[in-house]
Amino acid sequence: MEALEHPSPLVALINALLAPLHVHAPDHVVFSALICLIVLVLGLLVRSRLSVANPGSLQIILEDVVSFFLSVLETNMGPKGRQFLALPGALFVFIWMGNMMGQIPGLGAPTSNVNVPFACALTLWIYYHYQGIRAQGVVSYLKHFAVMPGVPLAMSPIIFTIEVISHLSRVLSLTLRLFGNVFGEHLVVLIIGSIVPFIAPLPIQFLGLVVGTLQAFIFLTLGAIYLTAAVAVDEHH
């Protein structure tokens, strides 16, 4: 894999600047930082030009994006889904931009490094548990892991163990789903490109645009589903 990849000029430049500090920045860290910088610049740009009467094209696009996020959250959670917009929306933007970065020459997808999908999955996992505890209280939230309607209390230890394993596996499934799809697509493009350059990888790269967007959408949707179960435990069970 490493033999097929071409070094990124941006990563080389950043590491050259960091060399006097004896610090080395891996590719996925540089690309992740670049995404954060782009989002920050876009946010400040839109903020400086906000207008209700005469919104600019960028503001209109971002408003449509936010409306899309809200529709996904409110479809799963109802009106209260609006209050959870920030983190699932931010994860969608980060994952989508990370996936698209892999299609730009000279850059790479940070999501093709397993550490980045794992960080995203762990962040979402901690967030929905935090919101569940915040909405239900610690005791009530932990209780739903062990006590289920119609199930004898004697089964509680078994139910609790199964629920804990189930929730822990969500981090693994979210990580592997995102990493596997992005890494696999890039690996296929690199292999085909090394055999037949330029034209042959294009259909796979186009498919990567679709898959990259789909993976970000899946992350957003699953986040909404997990939040729904966490903040409405009694309804879930």
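Look above for the structure.
Residues numbered from 1 in each chain as written. Predicted model: local features only at pLDDT ≥ 70, side-chain atom pairs only at ≥ 80, totals over all residues. Heavy atoms only, no water.

**Q** Looking at this structure, I do not really get the side chain of serine 32. What am I missing?
**A** Here serine 32 is to be found in helix 2 (residues 27-48). Judged by its relative accessible area of 14%, serine 32 is buried. Aside from chain neighbours lying at most four places away, what touches serine 32 is Phe94, Pro110 and Val116. (Helix = DSSP H or I, 4+ residues; strand = E, 2+ residues; numbered from the N terminus. Buried < 20%, exposed > 50% of the residue type's maximum accessible area, 1.4 Å probe, protein only. Contact = heavy atoms within 4.5 Å.)

**Q** Just to check I follow, could you spell out the pattern of salt bridges for this structure?
**A** Any two side chains of opposite charge can pair, given that their charged atoms come close. According to the stated counting rule, one finds one salt bridge in the structure shown. Of the charged contacts, one joins arginine 82 and glutamate 74 as a salt bridge, the two residues approaching to 3.5 Å between their closest N and O atoms. (Salt bridge = Lys/Arg side-chain N within 4 Å of Asp/Glu carboxyl O.)

**Q** Is there a simple way to think about the nonpolar core in this case?
**A** Generally speaking, soluble globular proteins have nonpolar side chains that are buried together. Ile95, Cys120, Leu174 and Phe219 are the most contacted members of the largest nonpolar core, which has 36 residues in total. Counting residues per element, this core draws most heavily on helix 8 (residues 202-231), at eight residues. In this structure isoleucine 95 touches Thr111, Cys120, Leu178, Ala216 and Phe219, once residues within four positions along its chain are discounted. (Core = buried A, V, L, I, M, F, W, Y, C linked by side-chain atoms within 4.5 Å.)

**Q** What should I look at first to understand the packing of aromatic side chains in this one?
**A** Counted according to the given criterion, the structure contains eight aromatic pairs. Consider the rings of phenylalanine 68 and phenylalanine 69, whose centres lie 5.9 Å apart with planes at 50 degrees: the pair is tilted. One aromatic cluster is present, built from ring pairs that chain together Phe68, Phe69, Phe92 and Phe217. (Phe/Tyr/Trp six-rings, centres within 6.5 Å; stacked < 30°, edge-to-face > 60°.)

**Q** What exactly am I supposed to notice about the packing of helix 1 (residues 9-18) against helix 2 here?
**A** In a packed pair of helices, the relevant descriptors are the angle between the two axes and the axis-to-axis distance. Where helix 1 contacts helix 2, the two axes come as close as 10 Å, and the packing angle between them is 95 degrees. With respect to their mutual orientation, helix 1 and helix 2 come out roughly perpendicular. Across the interface between the two elements, Leu10, Val11 and Ile14 of helix 1 pack against Asp27, Val30, Phe31 and Leu34 of helix 2. Among the residues making up the contact of helix 1 with helix 2, the classes are represented as six nonpolar, no polar and one charged. (Axes fitted to C-alpha atoms, helices over the stretch in contact; angles between N-to-C directions. Parallel < 35°, antiparallel > 145°, perpendicular 65-115°, else oblique. Nonpolar A, V, L, I, M, F, W, Y, C, P; charged D, E, K, R; others polar.)

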